[in-house]
Amino acid sequence: MSTPNTPRPAGGTGGTRPAAPRQTPVGAPRPAGGAPRPGTAQRPAGAPRPAGSAPRPAGQRPAGAPGARPQQLVRPAPKAKVRKARLLISKVDPWSVLKMAFLLSVALGIVTVVASVVFWSVLDLTGIFNSINGLLREIIGTESDFDLTKIASLGQVASFATIIAVVNVVLLTVLSMLAAVLYNLSSTLVGGIGVTLTDD
């Protein structure tokens, strides 16, 4: 029985040719429990970590792992400080003071007249005028026909309150304007009234 002549490598001794490594086709599943890939060292279970590698904290995923949360890049804004400003009232406009004083004095005059009429009505409804008339009749005599409501009637009280309100309007307006002029003169010497303003 004849055997085929197998060509030998040049200059070599008699032996077998080494088998070529098998290549796994692309997309083929890797067998379970197969040998590890060349170039990767597999650490046995229970072996200590290398000295240069730091331990990973519990519950922390690596940077490239899927599902890792990005770090918070936006920092909270610092709390704003309370600003203060110190100002001086160095001059007051007399014309503006005159207008404001006139309006306030007119309002005060209206309140005076209304309050006087209401007060007289309350005294009349509660019977205080009759009590005063009876007391005066006992002091003066029974024959006297003294009546307080004739002397201080509602019309007379309203007229008197109106006159007082008009006088108050004139006096308060003039005094306020005079006070503004005096303040402007005194502020040239002392600098005025200091006011400190702050933020809420």
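Residues numbered from 1 in each chain as written. Predicted model: local features only at pLDDT ≥ 70, side-chain atom pairs only at ≥ 80, totals over all residues. Heavy atoms only, no water.

(A) Representation of the overall build of the chain. Scanning the chain from N- to C-terminus turns up four helices and two strands. When its helices and strands are written in sequence order, the chain yields β-α-α-α-α-β. Looking at the chain as a whole, 10% of its 200 residues qualify as buried. Relative to all contacts within the chain whose residues are 6 or more apart in sequence, the contacts with residues 24 or more apart total 76%. Surface accessibility of the chain: about 17,800 Å² in total, with carbon and sulfur atoms responsible for 64%. (Helix = DSSP H or I, 4+ residues; strand = E, 2+ residues; numbered from the N terminus. Buried < 20%, exposed > 50% of the residue type's maximum accessible area, 1.4 Å probe, protein only. Contact = heavy atoms within 4.5 Å. Areas by Shrake-Rupley, 256 points an atom, 1.4 Å probe, with all protein chains shown as cover.)

(B) Just a nonpolar patch on the surface, in detail. On the surface, I163, V167, L171, L175, M177, L178, V181, L182 and L185 cluster together into a nonpolar patch covering about 810 Å² of accessible area. Structurally, L178 is set in helix α4 (residues 154-190). (Patch = residues over 30% accessible without salt bridge, like charges linked within 9 Å, V, L, I, M, F, W, Y side chains within 5 Å. Salt bridge = Lys/Arg side-chain N within 4 Å of Asp/Glu carboxyl O.)

(C) Quick look at the packing of helix α1 (residues 94-125) against α4. The geometry of α1 relative to α4 is characterised by a closest axis approach of 8 Å and an angle of 160° between their N-to-C directions. One element, α1, and the other, α4, form an angle in the roughly antiparallel class. The interaxial crossing formed by α1 with α4 has right-handed handedness. In the contact of α1 with α4, the residues fall into 20 nonpolar, nine polar and no charged. (Axes fitted to C-alpha atoms, helices over the stretch in contact; angles between N-to-C directions. Parallel < 35°, antiparallel > 145°, perpendicular 65-115°, else oblique. Left-handed = near helix turned anticlockwise from the far one by under 90°. Nonpolar A, V, L, I, M, F, W, Y, C, P; charged D, E, K, R; others polar.)

Honestly, that's just the spatial picture; any functional story needs more than this.
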